[in-house]
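Single-letter residue listing:
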Amino acid sequence: QVQLIESGGGLVQAGGSLRLSCAASARTFNIFHMGWFRQAPGKEREFVAAISRAGGTYYADSVKGRFTISRDNAKNTVYLLMNSLKPEDTAVYYCALANVGSLLYTGTYDYWGQGTQVTVSS
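Keep in mind that what you see is a predicted model, and the values were worked out from it rather than measured. (Residues numbered from 1 in each chain as written. Predicted model: local features only at pLDDT ≥ 70, side-chain atom pairs only at ≥ 80, totals over all residues. Heavy atoms only, no water.)

Participant: So what exactly am I meant to see when it comes to the state of the cysteines here?
Facilitator: The bond known as a disulfide is covalent and runs between the sulfur atoms of two cysteines. Counted by the stated rule, this structure contains one disulfide. Cys22 shares a disulfide with Cys95; S-S distance 1.9 Å. Residues Cys22 and Cys95 share a disulfide whose torsion about the S-S bond is about 45°; that sign makes it right-handed. With Cys22 in strand β3 (residues 18-24) and Cys95 in strand β9 (residues 91-98), this residue pair connects regions lying 73 residues apart in the sequence. (Disulfide = S-S within 2.5 Å. Helix = DSSP H or I, 4+ residues; strand = E, 2+ residues; numbered from the N terminus.)

Participant: For this particular structure, what's the right way to read the side chain of Asp89?
Facilitator: The residue Asp89 is located in the loop between β8 (77-82) and β9 in this model. For Asp89, a relative accessible area of 1% gives the class buried. A distance of 2.9 Å separates polar atoms of two side chains, one belonging to Asp89 and the other to Arg38. From its side chain, Asp89 meets the backbone nitrogen of Lys86 in a polar contact 2.8 Å long. The residues touching Asp89, leaving out its near neighbours within four places in the chain, are Arg38, Arg66, Phe67, Ser84, Val118 and Val120. (Buried < 20%, exposed > 50% of the residue type's maximum accessible area, 1.4 Å probe, protein only. Polar contact = N/O pair within 3.5 Å; in protein donor to acceptor, adjacent residues only side chain to side chain. Contact = heavy atoms within 4.5 Å.)

Participant: Looking at this model, I keep getting lost on the pattern of salt bridges. Mind explaining?
Facilitator: Pairs can form between side chains of opposite charge whenever their charged atoms are close. Applying the stated criterion to the full structure yields four salt bridges. Residue Glu46 pairs with Arg38 through a salt bridge whose shortest N-O separation is 2.6 Å. Residue classification places Arg38 among the buried residues on the basis of a relative accessible area of 6%. Note that Lys64 is salt-bridged to Asp61, the shortest N-O span being 3.1 Å. (Salt bridge = Lys/Arg side-chain N within 4 Å of Asp/Glu carboxyl O.)

Participant: How do you make sense of the side chain of Glu6 when you look at a structure like this?
Facilitator: Looking at where Glu6 falls in the secondary structure, it is placed in strand β1 (residues 4-7). Look at Glu6: it is buried, it has no salt bridge, and the nearest opposite charge is Arg45 at 7.5 Å. A polar side-chain atom of Glu6 sits 3.1 Å from the main-chain amide nitrogen of Gln114. Reaching out from Glu6, the side chain makes a polar contact with the backbone nitrogen of Gly115 at a distance of 2.9 Å. Those residues in contact with Glu6 that lie beyond four places of it in its chain are Ser21, Cys22, Trp36, Tyr93, Tyr94, Cys95, Gly113, Gln114, Gly115 and Thr116. (Lys, Arg positive; Asp, Glu negative; His and termini not counted.)

Participant: What exactly am I supposed to notice about the sheet that holds strand β7 (residues 67-72) here?
Facilitator: Either a parallel or an antiparallel arrangement is found when strands of a sheet pair, and the pairing is made through backbone hydrogen bonds. With antiparallel pairing, four strands are arranged side by side in an open sheet as β1-β3-β8-β7. Only two strands of the sheet have a single partner each, and these edge strands are β1 and β7. Ignoring strand direction, the axes of neighbouring strands in this sheet form an average angle of 15°. As judged from the four bridges shared by β1 and β3, these two strands associate in the antiparallel manner. Bridge pairing links Ser7 to Ser21 in β3. (Pairing = 2+ DSSP bridges. Axes fitted to C-alpha atoms, helices over the stretch in contact; angles between N-to-C directions.)

Treat this as a map of the structure, not an account of what it does.
This is the structure:
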């Protein structure tokens, strides 16, 4: 069983920045793909960003150029740096871990964190 614990969410003004962290309990963290998703009230969970075991990165069009995903395998941690935040970025952000499959889809991921709230005020 793998546990994922997110941190770093909070309230920020539009144009501001936050860095989310997700610590994984997996002993072989480096072999897994990692993703970030978000869910706003009344909406479905959507893909935000992913990073493969090889370090390849993928972004939703809505965050491309503003968000950066990275990983530190020595710390079993994946990060999401969010710049130029907009009110529409307000959501609960979840990190997730996958072994195989397309990294853009929620069904690919085997384990999920509890989520961290990000609120962007206008």
